[in-house]
Amino acid sequence: TRRSEDVTSMGPACSKPPGDIATAAGVAQLPKIHGGAVLDAWCGGDNSVVTAGADGRVVLYDAAAGTAKTLGVHAAAANGVAAARDRAGAVYTCSRDLSVRRWPLARGPTQVIEAAHELAVTAVTVADDGATVASGSRDYRVKTWDAATGENAAAVRVPRNVVTCMCWRPTTQTFAQGSEDLRLRVWDARDLRQAAAQTFAGYEFFPLAVASAGPHLITASKGFGGEGGEVTLWDARRPGSEPLAVLRGHAQDATGVAFLRGGAGAASASKDGRVKLWDLEAGTLSRDVDAGGESPMYTSVCAAPGAATVAAVATTFQGDVFCFDREFRVAAAVG
């Protein structure tokens, strides 16, 4: 069992540790499509990347070919993007325009769930087989949807449950959801009307991002001025227990987190301008990544399955999209 440990803070964003900018030879330049902040990204195993922007645009990039096309546009900011692990023929996005939308990556109709929630839809996630979609909102509600029909399957409202993030738990019928009420909940999609299947508490700063691998969940939390911004590792088999690790080092909001190497490592991204790589077995910081640019304020980070050239993607408030290779060097970028 891992012990909960704190990693010594690396200090504020203006005092970055020394090190070379992590760029690969021949960085591919990707077309700039978004007109502002890029809020989230999804990456597949074939070097495909889909981004969701504050301008409402949903953009598909081929990082290997250096091409891009707009899949469509929401009427307001597109807050999140997700796809099924096993059947990623389409992506789903959620938006401040209250909708959840399905965008085919090749051919097929676009599916729109209008008025999915009463307030901004802040998170979306998809079951491994693509059959069920879950969404969360500032309206305190979590909902599931039939992906084939777009019909609402179930909904639950928990007072003060302002949803901040979601992820599906691999090979299960459950998904995790973070909230501004300082809790991480795990819901069973087959019985959503009941209480959360599991609840993890003890946060001082609410989680902004969550990821899952095997029996573990990992979150990245809000922070400011060197307080908060922690990365927290949980054993999903032990609700109510103490975290396996609490990893500190970000000086501001930790806005994204993703498992690496099958769950042995993780990457986190922050408004402090850093992507950090963590050794979860040791509970220590492995590396501080500098992707370049002028003090990027990161909004998300995601990891790709398989052995594609693009292993991970990070996005920023400035509109950057950084595609990292397996050595976490920038292989392609918008910026």
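Each value, and the rule that gives it
- Residues numbered from 1 in each chain as written.
- Predicted model: local features only at pLDDT ≥ 70, side-chain atom pairs only at ≥ 80, totals over all residues.
- Heavy atoms only, no water.
- Helix = DSSP H or I, 4+ residues; strand = E, 2+ residues; numbered from the N terminus.
- Rg over C-alpha atoms; globule rule 2.2 N^0.38 Å.
- Contact = heavy atoms within 4.5 Å.
- Areas by Shrake-Rupley, 256 points an atom, 1.4 Å probe, with all protein chains shown as cover.
- Lys, Arg positive; Asp, Glu negative; His and termini not counted.
- Charge placed at Lys NZ, Arg CZ, Asp CG, Glu CD.
- Pairing = 2+ DSSP bridges.
- Disulfide = S-S within 2.5 Å.
- Buried < 20%, exposed > 50% of the residue type's maximum accessible area, 1.4 Å probe, protein only.
- Axes fitted to C-alpha atoms, helices over the stretch in contact; angles between N-to-C directions.

A.B. asks: Describe the overall build of the protein chain, and please don't skip the residues or the numbers.
C.D. replies: Looking only at helices and strands, one finds zero helices and 31 strands in the protein chain. A compact globule built from 335 residues should have a C-alpha radius of gyration of about 20 Å, and the protein chain, at 18 Å, falls within 12% of that. Referenced to the eigenvectors of the C-alpha coordinate spread, the extents of the protein chain come out at roughly 50 × 45 × 30 Å. Once local pairs closer than 6 in sequence are excluded, the contacts in the protein chain between residues at least 24 apart make up 44%. Within the structure as shown, the protein chain displays about 13600 Å² of accessible surface, and the carbon and sulfur contribution to it stands at 48%. Seen as two clouds, the 33 positive and the 35 negative side-chain charges of the protein chain have centres 3 Å apart.

A.B. asks: Lay out the pairing of strand β4 (residues 57-62) in plain terms, naming residues and giving numbers.
C.D. replies: Where strand β3 (residues 48-53) and β4 come together, five bridges link them in antiparallel fashion. Considered in β4, the bridge of Thr51 is made with Val59. The hairpin turn running from β3 into β4, its antiparallel successor, is three residues long, and Gly56 in that turn takes a positive phi close to 85°.

A.B. asks: Could you give an account of the state of the cysteines, with specific residues and numbers?
C.D. replies: In protein chemistry, a disulfide is the covalent bond that joins the sulfur atoms of two cysteines. Counting across every chain of the model gives zero disulfides. There is no disulfide at Cys94, and the cysteine sulfur nearest it, in Cys165, is 11 Å away. Note on Cys302: no disulfide assigned, nearest cysteine sulfur contributed by Cys43 at a separation of 3.3 Å. Owing to a relative accessible area of 12%, Cys302 belongs among the buried residues under this scheme.

A.B. asks: Which residues make up the environment of Gln173, and what values do they have?
C.D. replies: Position of Gln173 relative to the elements: it lies in the loop between β14 (163-168) and β15 (174-179). Through-space distance from the C-alpha of Gln173 to that of Leu71 is 29 Å; in sequence the pair is 102 residues apart. Apart from residues lying up to four places away in sequence, Gln173 is in contact with Trp168, Trp187, Asp188, Ala189 and Arg190.

A.B. asks: So what about the sheet that holds strand β17 (residues 198-200)? Which residues, and what values?
C.D. replies: In any sheet, the strands associate via hydrogen bonds between backbone groups, in a parallel or an antiparallel arrangement. Strand order in this open sheet of four strands is β14-β15-β16-β17, and the pairing throughout is antiparallel. What marks the edges here is a single partner per strand, and that holds for β14 and β17. On average, each strand axis in the sheet is inclined to that of its neighbour by 20°, with strand direction left out of account. Examined bridge by bridge, β14 and β15 share five bridges and lie antiparallel to one another.

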